[in-house]
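Residues per chain, in single letters:
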Amino acid sequence: MLKKDFEKLDGSVNRVPDFPKPGILFYDVTGILKNPESFKYCIDRMAEIYSNKNIDVVCGIESRGFVFAAALADRLSLPLVLIRKKGKLPGKTYSCAYSLEYGKAEIEVHIDDVKEGQNFLLVDDLIATGGTLKAACELVLKGGARVTDVFGVIGLPFLNFKKVLSGVEITTLIDYDSE
């Protein structure tokens, strides 16, 4: 990323101390969403990165990941699949419980949305510990599909997400090295 692009994107990221609990510095992408130029930059870069990859499905992770995934799926004319918190999807689902850096959670995907042999790109706004995305990978695998790539607008590599998500190509637009 060019320095000017980093500075522009970085300037759109809100930092919220002590959220969701004391000691956590929360990197909030809503500033990017409020800035059309920053949001367009993100989607343009994503399209550049993924337009020539063997991706069959773009998959958004609840909830801010939906925004970036939907825009990319539209741009690349690919199906969009949503991974949601437990109990939010009607119908039959695959489910996976996991630990967060500050609690526990469970996510689901519709069984009918994951087809054997498909290549999935998972999209989220931020990759911290990688726990949510690892659980999302497990959901996709339950349906016989593959996660070939993971994308996050923001990455926090000091939380070791690369170790948790080993075996999957990970791309972030902006990384922060420490809190």
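Cut-offs applied
Residues numbered from 1 in each chain as written. Predicted model: local features only at pLDDT ≥ 70, side-chain atom pairs only at ≥ 80, totals over all residues. Heavy atoms only, no water. Disulfide = S-S within 2.5 Å. Buried < 20%, exposed > 50% of the residue type's maximum accessible area, 1.4 Å probe, protein only. Helix = DSSP H or I, 4+ residues; strand = E, 2+ residues; numbered from the N terminus.

Undergrad: Help me understand the state of the cysteines, please; the structure alone is not making it clear to me.
TA: Covalently bonding the sulfur atom of one cysteine to the sulfur atom of another cysteine gives a disulfide. Throughout the structure, instances matching the rule amount to zero disulfides. With no disulfide of its own, Cys-42 lies closest to Cys-59 among cysteine sulfurs, the gap being 19 Å. Look at Cys-42 and you get buried, because its relative accessible area is 0%. Free cysteine Cys-59: the closest other cysteine sulfur is in Cys-137, separated by 9.4 Å. The class of Cys-59 is buried, set by a relative accessible area of 0%.

Undergrad: Looking at this model, I keep getting lost on unusual backbone geometry. Mind explaining?
TA: Negative phi values dominate among residues other than glycine, just as trans dominates among peptide bonds. Cis geometry marks the peptide bond from Phe-19 to Pro-20; its omega dihedral reads 5°. As for its position among the elements, Pro-20 is in the loop between strand 1 (14-17) and strand 2 (25-28). That bond from Glu-62 to Ser-63 is cis: its omega, -5°, falls within 30 degrees of zero. Secondary-structure assignment places Ser-63 in the loop between strand 3 (57-61) and helix 4 (64-76).

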